[in-house]
Amino acid sequence: MTDSTTMSDYGRILRETYGGRKWICAGAVVLEGVNVGTTLRDLGAEVLALGATRGTGDIPDWITTIDLDIGPSPDLMSGMRAAEAALANLPAWAREELDRFDPEGTARVTTSIWGGLQEVGGRRVFGARRPSWVALEDKTRAESIWDAAGIARAPAAVVALERDAIDAAWSDVDGGHGVVVAQDNTEGWHGGAVGTRWLRTRAEIEALVDEYRGHAERVRVMPFLEGLPCSIHGWVIDDEVIAFRPVEMVVLCVGGTSRFHYAQAASFWDAPEALEREMRDAARAVGRHLRDTYGFRGSFTIDGIATDEGFRPNELNPRFGAAFGKLTRGIPELHAYPLHLATVEGTVPGLDAAALESDVLRLSREHRDGGGMALASRSMDERKLELDYRDGAWSESAKEQGDASAVLGPHPSGSIVFLRLNPETTPHGAPVGGRIAEGLRFLDKLWELDLGALEPAPAAR
């Protein structure tokens, strides 16, 4: 591209794409649609927020909302799948409300970052994921992507969901710390570490097979890798592929179980120079393969572990990653998710890929962000709290802004708690997974959330 994008250009590009038309901002919760809708309104759009449930937070008076109110779900993934099903099959009353907002039927739709719908309420989803892209998120397909892109990976085996098959794979891949077993996508997409288990002994195989039976046909078996969970984001813009800074993934172990707990991400960590270069090179290689083989466009992420031997990928997310927002806090004009959707559509006039890469690399070092999240099975009313962090321990703060803020509120599976670190008082450079795990444990005890013993990876302490 010949035209250089300045930071003021992001707003212009997005206004040209989103301004002056109607948008239905759909999500698993109404608040998700409200957040996207607020951005689009600021870009000159007329918006309506649509969700399967309300969510936690305040809804401004100016926005029209539709809450399908589908009721509780037993867990995170069940709730997300139920939400997508509800959006795909709107009840008559909801369609009537959409028609009142958009009688001509010309509004466009935005959906959740993980969604695979092509239309909602008879309106086309803007920046929709192609089915072939959605299929790539199956964790049993990841190794073929790494090999095709020519990047280093850990040994892995994809086998039938059978005890003997998993036991044999264990012998092939175990590096001394047990194995990590991930489900295929028999039931559809799964994330947030829901379909992944760390087996420390072979005696646990039988219980895992029983747990997964009926939910998966095949599993991927990898060695448990000691190191720091992290992610690298890439972006395919026309023929170009760019890559950004590594982000720490706050993935915790639930003590006494084989489960992992995904608690969001943080950008305070600075990867060593050689590791950052390796991860960015890996993102570019995978991006080129996705572009050339699947016609992929837009943002994507590669999750993995930063080990002593280098970065070892374990998951491909061929879609916008929630952690990317941690890298763009310092660019107010850059609304990353709407820009991603426009890139998928090919409607980004004048966007300079090199300038986008440079802006995010530079400003993501100056502006950091991050925190944690957890779900509780007990339904609780909304609460807010400021916290202080001293000598490795958290306490309630009497200040208007402490070292972290916490919000608790309703969720389809019970309640959800968010912990956000204060960027002004959180040190830069070192991982913060340990600090976040300590904060969630403090809130667990304070609010009796029954989250379990959340433990960070040793490298994140």
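(A) Structural detail: the pattern of salt bridges. Going through the model one piece at a time under the given rule, you end up with 33 salt bridges. Of the charged contacts in the structure, one is a salt bridge between glutamate 137 and arginine 129, with a shortest N-O distance of 2.7 Å. You'll find glutamate 137 and arginine 129 in the same group, each marked buried. Across the pair glutamate 276 and arginine 365 runs a salt bridge, and its minimum N-O distance is 2.7 Å.

(B) Layout of unusual backbone geometry. Located in the positive-phi region is alanine 193, a residue other than glycine, with phi close to 65°. Its location among the elements puts alanine 193 in the loop between strand 8 (179-183) and strand 9 (196-199). A positive phi angle is found at aspartate 391, which is not glycine, with a value near 55°. Within the secondary structure, aspartate 391 sits in the loop between strand 18 (383-390) and strand 19 (393-396).

(C) View of the sheet that holds strand 10 (residues 218-223). Strand order in this open sheet of four strands is 7-10-8-9, and the pairing throughout is antiparallel. A strand with exactly one partner marks an edge of an open sheet, and here the two such strands are strand 7 (157-160) and strand 9. Between one strand axis and the next, the sheet turns by 30° as a mean value, whatever way the strands run.

(D) Main features of the sheet that holds strand 20 (residues 404-411). Ordered by their spatial adjacency, five strands build an open sheet running 17-21-20-18-19, and the pairing between neighbours is antiparallel. Where the open sheet ends on each side, the last strands, each with one partner, are strand 17 (371-376) and strand 19. Averaged over all neighbouring strand pairs, the angle between strand axes comes to 25°, with direction disregarded. Here eight bridges tie strand 20 to strand 21 (residues 414-421), and the two strands are oriented antiparallel to one another. Bridging across to strand 21, valine 407 finds its partner in phenylalanine 418. Strands in contact with helix 12 (residues 433-447) are strand 17, strand 18, strand 19, strand 20 and strand 21; relative to strand 21, the strand with the most contacts, it is inclined by about 140°.

(E) Looking closely at the packing of aromatic side chains. Applying the stated rule across the entire model yields 13 aromatic pairs. Between tyrosine 18 and phenylalanine 126, the aromatic rings sit 5.6 Å apart at their centres with planes inclined by 75°, giving edge-to-face as the arrangement. Residue tyrosine 18 is located in helix 1 (residues 7-18), and its partner phenylalanine 126 is located in the loop between strand 6 (123-124) and helix 5 (131-135); the two are separated by 108 residues in the primary sequence. Accessibility expressed as a relative area gives 0% for tyrosine 18, which makes it buried. Over the aromatic face of tryptophan 23 sits the side chain of arginine 21, whose NZ or CZ is 6.0 Å from the ring centroid.

(F) Region of the structure containing the nonpolar core. Of all hydrophobic cores here, the largest spans 42 residues; its most connected members are Tyr18, Leu40, Leu339 and Leu356. Where this core is concerned, the elements lending two or more residues are helix 1, strand 1 (22-29), helix 2 (30-42), strand 2 (46-53), strand 11 (228-237), strand 13 (247-254), helix 10 (336-345) and helix 11 (353-366). Apart from residues no more than four positions distant in its own chain, leucine 339 is found in contact with Tyr10, Ile13, Leu14, Trp235, Leu334, Val348, Leu351 and Leu356. By size, the runner-up hydrophobic cluster in this structure holds 30 residues, among which are Leu228, Val236, Ala271 and Ala282.

Cut-offs and rules
Residues numbered from 1 in each chain as written. Predicted model: local features only at pLDDT ≥ 70, side-chain atom pairs only at ≥ 80, totals over all residues. Heavy atoms only, no water. Salt bridge = Lys/Arg side-chain N within 4 Å of Asp/Glu carboxyl O. Buried < 20%, exposed > 50% of the residue type's maximum accessible area, 1.4 Å probe, protein only. Helix = DSSP H or I, 4+ residues; strand = E, 2+ residues; numbered from the N terminus. Pairing = 2+ DSSP bridges. Axes fitted to C-alpha atoms, helices over the stretch in contact; angles between N-to-C directions. Contact = heavy atoms within 4.5 Å. Phe/Tyr/Trp six-rings, centres within 6.5 Å; stacked < 30°, edge-to-face > 60°. Lys NZ or Arg CZ within 6 Å of the ring centre and 35° of its normal. Core = buried A, V, L, I, M, F, W, Y, C linked by side-chain atoms within 4.5 Å.

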